[in-house]
Amino acid sequence: KERLYDTLGCDTREHSRKLGKASVDILFDVVEMLLKAGNSCIIESNFRPEMDTVRVQGLQELSGAQVLQILCKGETEVVFARFQERALSGRRHPGHCEPAHLAEFASSIRQGLSPLPLQAKLIELDTTVLNDEILDGMVEEVTRYLAKNN
């Protein structure tokens, strides 16, 4: 998304939303090309069931790809505190327009994310407290799944 911000500019939240949608469209186009070429891939985004389920299902049908979905979630206060710290740190691209719209993002974080309703393995990762043991367990679970399904 930052490449689009740099190339096209972005100075309003509405424009940021449009470029965000465009970046997800590009992501799905690239994934389709990779899968058609017989490649595996990992994609990451804040996927929304109402917008992305049909698209992922289409990719599954097109390629026969196995999907492993990892849903990261955590206690609302912790997730928002991390978001706010990052948004106000100055390390994020200004095209995200986050500092000026913290209330909007707080509302979105309170609503949380839902998994896509797919015929796929779902792993839920609570990120409230992360440590090496939790992350190692996640890596082991993903490794077992890949070994079993490839």
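Residues numbered from 1 in each chain as written. Predicted model: local features only at pLDDT ≥ 70, side-chain atom pairs only at ≥ 80, totals over all residues. Heavy atoms only, no water.

Digging into the side chain of Asp52
Next up, step 1: Checked against the element boundaries, Asp52 lands in helix 3 (residues 49-63).
Next up, step 2: Despite its burial, Asp52 pairs with no opposite charge, the nearest such side chain being Arg55 at 4.5 Å.
Next up, step 3: In contact with Asp52, other than residues within four places in its own chain, are Val24, Phe28, Asn46, Phe47 and Leu116. (Helix = DSSP H or I, 4+ residues; strand = E, 2+ residues; numbered from the N terminus. Buried < 20%, exposed > 50% of the residue type's maximum accessible area, 1.4 Å probe, protein only. Lys, Arg positive; Asp, Glu negative; His and termini not counted. Salt bridge = Lys/Arg side-chain N within 4 Å of Asp/Glu carboxyl O. Contact = heavy atoms within 4.5 Å.)

Some points on the environment of Pro115
Next up, step 1: Residue placement: Pro115 occurs in the loop between helix 5 (102-111) and strand 2 (121-126).
Next up, step 2: With relative accessibility at 28%, the residue Pro115 sits in the partly exposed group.
Next up, step 3: If we skip the residues at most four places from it in the chain, Pro115 touches Pro49, Gln69, Leu71 and Leu122.

Re helix 6 (residues 132-149)
Next up, step 1: Taking 1.5 Å as the rise per residue, helix 6 with 18 residues should run 26 Å; its terminal C-alpha atoms sit 25 Å apart, in good agreement.
Next up, step 2: Taken residue by residue, helix 6 has Met138, Val142 and Tyr145 as its buried positions. Seen end-on, helix 6 carries its buried residues on one side only, within an arc spanning 60°. Of the exposed residues in helix 6, the ones pointing more than 90 degrees away from its buried face are Asp132, Glu133, Val139, Arg144, Ala147 and Lys148.
Next up, step 3: Taken together, the buried residues of helix 6 touch strand 1 (68-73) and strand 2.
Next up, step 4: Put simply, Asn131 is the residue that caps the front of helix 6, since its side-chain oxygen is 3.0 Å from the backbone nitrogen of Glu133. (Expected span 1.5 Å × (residues − 1). Arc of directions from axis to C-beta. Polar contact = N/O pair within 3.5 Å; in protein donor to acceptor, adjacent residues only side chain to side chain.)

Geometric descriptors of this kind do not, in isolation, establish any biological role.
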